[in-house]
Amino acid sequence: MRRLLLLLLGLLVLQQGRCFEFVIDGEWEEETSHLQDHRERHKRAILTSEEQDDFEAIRGDDITVKSYKVESRITSRFAHTTVRSSVINTGSKAQSIGFNVQIPKRAFITNFTMNVNGIIFIGSVKEKTVARNLYAQARARGKAAGIVRANSQDMETFKTEVHVPPGSNIEFELHYQEMMHRKLNFYEHSLYLQPGRLVPQFQVDVYIFEPKGISMVDLPNSLGAQFTESIKVTKTKDKAHIVFKPSLQQQRKCENCTGSAIDGVFTVRYDVNRDSNAGELQVSDGHFVQFFAPSNLSPLSKNIVFVIDVSGSMWGVKMKQTVEAMQAILDDLTIDDHFSIIDFNHNVRCWSEELVPGSSIQIEDAKRYIQNIKPNGGTNINEALMRAVQMLIKAANQGLIDPRSVSMIILVSDGDPTVGEIKLSTIQKNVKRVMREEFSLFSLGIGFDVDYDFLERIAMENRGMAQRIYANHDAAEQLRTFYSQVSSPLLRRITIQFPDDSVSDVTQNRFDKYFSGSELVVAGKVLPSNSNILTSYTTASASRMDITLETEADTAELDTELTKQEHSFHGFARQMWAYITIKQLISERSLAPTAAKKRKITQRIMALAVEHQFVTPLTALLVESEGGTERLLADSPKDPKHGCCSGVGGGGGSPNGIAPVRVVYQPPPWVQMTTTPPPSQVEKGPEEWALPQQVTLVDNDPHFIVHLPRSNMDVCFNIDSKPGNILNLVSDSGTGLVVNGQLIGSKKMHKNKLNTYFGTISIYYQPDGVSVTVSTESIIMTDGRNNHSFTWGSTAEITQDGMRISIRKNSHVSVIINDNIQVMVLLHRVWKKHPVSVDFLGIYMADNNQYSPLVHGLIGQFSREPEVRVYDVHEGVDPLKKQATMEVKGNTLQVTRGWQKDYRHDKKRGSNVYCWFIHNSGKGFIDGHYTDYIVPNLNSFLRML
């Protein structure tokens, strides 16, 4: 794209005969390609370090800046920021006064207004051609003004300048919006503050509202220690208010200085509470947003080919910092990872022709190789990438890498190709042709000589992302930070789905990878429905297992809450949906295969941008006086290094070129729908997780109920043991199954007795080395190498080898092993402030579980049903409880007829199970004494009795 930088001067005549001269500086885009101009274009688009140092928010001599105020309202990760300033020309002559604001590159300007001596200019976003035509009409009449947008490392500069006579009052107001992207476990909101002078009313307010709650707020001290006392943070469960309000004296560089010490980026970092791995589904204003950021999952192993440019242009600082970064990156590899290094100039060399494990020996050898690289020669990108792909394909074909691992190529380059294939479009096609669907390409462009457009296209087209690395003193840290974002992949092939006819216009909902510390975001419109519940289903592949997660949201609840929040951004969901959609469409436009496809995407972008008032590369902000006689034009720069879509939908978690799949689906067969749609939409799946009517169970404090099918009888007993003891329930060395439960105690004694309950249940299957540990707080699945944690906060299904785990939100967990052993753990919640009771678990086991003849345990022993004879039934002391004599296992016992509770169908009241009660902790009914069943840890088999 070729852009012309125009400098236009116009004369604007306002009321009372005063003349205002506006300096106009804008960028224009032409739909032509001139590759030879790339380097100059890149360099021109960047503010030099000298320009950065000379930056001032308000420019002018002999002026008084009465106020400079910044307010950000962040609601559910979406920020609306307003920058306001009031200025007076206190000089004796007319002068130009500038208003400059640096905004994040990923932000969209939504409005700009200006009040010049009572004449108000109001902004509106229009298609760029429409805006330019209106602007040209004003310019032809000699009445026009403009705004420039330039670019720096992380920010984009908005500039306007107005020429005003003495005594003039000017008020500037700029609005922009952006989505917070989660990287390395937090969101970061940055405000660039450099007023350049003392301001009597200087204030920054950041309001955060997160419906699920805010877990942390952090303010890196980037402005200087002298401002520590000027920053106040107020935080409640779901709200935070950060205010920065330095006095005039605190703003001074020194006690008697007239210069301002405020010079830098005011940064707010925060993260939110997550009560489950299923994500957070929010519905507001007819739109939904699904946030997905699971944690407590074991990383997938990685297969990485580092492709490093060692051409002559990398000589010096670039190579030194690349080597420094690679030393740290290589140290991060584990023995489960595989890697190799390819370095290229006009030739291509491989440190190792094959992927090797990340052992300490291999890593040290790779470090020595990197250290000895001497940059020289040309740049053969095509051959280097072909060699990298071939290396991954060879490893996959030979079965050297785990099928569930993540394979990626990380390209580091600082220039355009000069050797071999140099046509960028051909290189792009070559890479696309050989890359397998399971491979990803990440591109890092060092400096501004590289064609970032090209690097971004090949990355996005191959399920990766691109990032520019700025060739300065901290380039090594930039490289390490980027690698940190992609070094811990937790999931592959993630799809977020919704029931049929519940949503429309859904953004990208299929993602190739999810990286730890990031976030995937999907948004869309909610269709009218009789139900007030929206449900999403997320499927993904983790290390050794597949998972399906269910999330629900009340469609009216959040809007009700937002009306109570004074500083929230009520339109966040609608704007976030448009923001993500436009970003993704811009990405699609850059990859459009035909001109017709590109035009169609262009029309969609312009229509959405105008409707939602976003200044994009295809729209402009036309700022007009109330009568429409005076006009200003603000174009968004078409910046080839913008990286507009990096992280969109992925939150830093690997946006990719995979086309979104159809967004409405039949729910999985195991899902029990909240509402019953017409039969044509959903066919309810089988009740595969339902236990049979007759079970053996342990519930409450703890009451054992053993069902004896042949006798058609239930026998009950209690175990009175101590908190902390672990009781073996099933120990089957034949099948390799162990079920143990750990006791917890009530908060205090009741009627001179401390009640005990099961607080943790462990189900261990030795052949696969898989253990499922269920507590009142979480469900943890381990297999020796991997550790995955889930909460009770969402419904989920996990499949690994022969084990299936079904979690029902705040209800129960079902575990099925090889389709012949079934265990259900029931969660009991009590009032948190209850003086005595605690949360506890119940366990229910199918009578038809197929154990081996070697099975034992407090429950397992009864898979071999003993002969039981009950006789001499007579009235007891309690007329409601008969007494009798029982003969079992050669013992004669006195038993009492009573009842216990089965809570499967009614967790509050339970259903009565009538049984014969064995006294003294089951003595005579169980083999040995109950203390014989105490084991040392949760995965211990029972020793032979």
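The rules we used
- Residues numbered from 1 in each chain as written.
- Predicted model: local features only at pLDDT ≥ 70, side-chain atom pairs only at ≥ 80, totals over all residues.
- Heavy atoms only, no water.
- Helix = DSSP H or I, 4+ residues; strand = E, 2+ residues; numbered from the N terminus.
- Buried < 20%, exposed > 50% of the residue type's maximum accessible area, 1.4 Å probe, protein only.
- Phe/Tyr/Trp six-rings, centres within 6.5 Å; stacked < 30°, edge-to-face > 60°.
- Pairing = 2+ DSSP bridges.
- Salt bridge = Lys/Arg side-chain N within 4 Å of Asp/Glu carboxyl O.
- Expected span 1.5 Å × (residues − 1).
- Axes fitted to C-alpha atoms, helices over the stretch in contact; angles between N-to-C directions.
- Parallel < 35°, antiparallel > 145°, perpendicular 65-115°, else oblique.
- Left-handed = near helix turned anticlockwise from the far one by under 90°.
- Contact = heavy atoms within 4.5 Å.
- Nonpolar A, V, L, I, M, F, W, Y, C, P; charged D, E, K, R; others polar.
- pLDDT = per-residue confidence, 0-100.
- Disulfide = S-S within 2.5 Å.

Quick look at unusual backbone geometry
Thought 1: Non-glycine residue Leu184 carries a positive phi angle of around 55°.
Thought 2: Examined against the element boundaries, Leu184 turns out to sit in the loop between strand S12 (182-183) and strand S13 (186-193).
Thought 3: The class of Leu184 is partly exposed, set by a relative accessible area of 32%.
Thought 4: Residue Asn700 is not a glycine yet carries a positive backbone phi of 60°.
Thought 5: Within the element layout of this structure, Asn700 appears in the loop between strand S37 (695-699) and strand S38 (703-708).

What about the packing of aromatic side chains?
Thought 1: Summed over all chains, the structure comprises 25 aromatic pairs.
Thought 2: Between Phe244 and Phe266, the ring centres sit 5.5 Å apart and the planes meet at 10°, which makes this aromatic pair stacked. With a gap of 22 residues between them, Phe244 in strand S17 (residues 239-244) and Phe266 in strand S18 (residues 264-272) connect regions that are remote in the sequence.
Thought 3: The exposure class of Phe244 is buried, given its relative accessible area of 0%.

Comments concerning the sheet that holds S12
Thought 1: Strand order in this open sheet of four strands is S12-S13-S18-S15, and the pairing throughout is antiparallel. If you trace the sheet from one side to the other, it starts and ends with S12 and strand S15 (214-218), each paired once.
Thought 2: In the sheet, S15 pairs with S18 via four bridges, with the strands oriented antiparallel. If you follow Met216 over to S18, its bridge partner there is Asp271.

Considerations on the pattern of salt bridges
Thought 1: Following the criterion strictly, the structure yields 40 salt bridges and no others.
Thought 2: The salt bridge involving Glu437 is made with Arg510; its shortest N-O contact spans 3.4 Å. Pair noted here: Glu437 is in the loop between helix H8 (424-434) and strand S26 (439-446) and Arg510 is in strand S30 (residues 510-515), with a separation of 73 residues, a long-range link.
Thought 3: Given the relative accessible area of 47%, Glu437 is considered partly exposed.
Thought 4: Across the pair Glu477 and Arg480 runs a salt bridge, and its minimum N-O distance is 2.8 Å. Residue Glu477 and its partner Arg480 are both found in helix H10 (residues 475-486); the two are separated by three residues, about one turn of the helix.
Thought 5: Each of the salt bridges in this network shares a partner with another, and the network as a whole consists of Arg77, Arg182, Glu210, Asp271, Arg274, Glu280 and Glu519.

Things to note about helix H12 (residues 572-590)
Thought 1: For H12, spanning 19 residues, the distance from its first C-alpha to its last is 27 Å, which sits close to the expected 27 Å at 1.5 Å a residue.
Thought 2: Counted residue by residue, H12 has 16 buried out of 19 residues, so it is predominantly covered.

Regarding the pairing of strand S16 (residues 231-235)
Thought 1: Bridge count for S16 against S17 is five bridges, and the pairing is antiparallel. Note that in S17 the partner of Lys232 across the bridge is Val243.
Thought 2: Taking the residues between adjacent antiparallel strands as the criterion, S16 and S17 are bridged by three residues.

Details of the packing of H12 against helix H13 (residues 595-612)
Thought 1: As a packed pair, H12 and H13 sit with axes 10 Å apart at the nearest point and diverge in direction by 155°. With respect to H13, the element H12 is oriented roughly antiparallel. Crossing of H12 against H13: the hand is left-handed. Contact residues: H12 offers Arg574, Gln575, Trp577, Ala578, Thr581, Ile582, Leu585, Ile586, Glu588 and Arg589, while H13 offers Lys598, Ile601, Thr602, Arg604, Ile605, Leu608, Ala609, Glu611 and His612.

Some details on the packing of H8 against helix H9 (residues 452-460)
Thought 1: Running from N to C, H8 and H9 cross one another at 15°; their axes reach a closest spacing of 10 Å. The orientation of H8 with respect to H9, classified from their angle, is roughly parallel. For the element pair H8 and H9, the recorded crossing hand is right-handed. Contacts between H8 and H9 involve Leu424, Ile427 and Gln428 on the former and, on the latter, Phe454, Arg457 and Ile458.
Thought 2: Its residues assigned to classes, the contact of H8 with H9 shows four nonpolar, one polar and one charged.

Describing the confidence of the model for the chain
Thought 1: For the chain, the average pLDDT comes to 85, and 86% of its residues sit at 70 or higher.
Thought 2: For the chain, strand S1 (residues 2-13) is the element with the lowest average pLDDT, namely 25, and strand S20 (residues 287-292) is the one with the highest, namely 98.
Thought 3: Segment residues 1-53 is flagged for pLDDT under 50; beyond a separation of four residues in sequence, or across chains, it makes 149 contacts in the model.
Thought 4: This stretch, residues 638-688, has a pLDDT under 50; its non-local contacts, to residues over four places away or in other chains, come to 152 contacts.

Re the sheet that holds S20
Thought 1: One open sheet holds the four strands; their spatial order is S19-S20-S31-S29, and the pairing between them is antiparallel. On the outer flanks of this sheet lie strand S19 (280-284) and strand S29 (503-504), each paired with one strand and no other.
Thought 2: In the sheet, S19 pairs with S20 via five bridges, with the strands oriented antiparallel. Bridge assignment links Gln282 to a residue of S20, and that residue is Val289.
Thought 3: H12 contacts S19, S20 and strand S31 (520-526) of the sheet and is inclined by roughly 70° relative to S20.

Concerning the state of the cysteines
Thought 1: Under the defined criterion, the tally for this structure stands at two disulfides.
Thought 2: Residue Cys254 pairs covalently with Cys257 via a disulfide, S to S 1.7 Å. Here the disulfide of Cys254 and Cys257 is right-handed, its torsion about the S-S bond being about 90°.
Thought 3: Between the sulfur atoms of Cys716 and its disulfide mate Cys915 the distance is 1.8 Å. One quick way to see it: the torsion about the S-S bond of Cys716 and Cys915 is about -120°, and its sign makes the bridge left-handed. Of the two residues, Cys716 sits in strand S39 (residues 713-718) while Cys915 sits in strand S54 (residues 911-918), which places them 199 residues apart along the sequence. Here Cys716 matches Cys915 in class, with each residue buried.
Thought 4: Among the cysteines of the chain that take part in disulfides, numbered as they appear in the sequence, the pairing is 1-2, 3-4.

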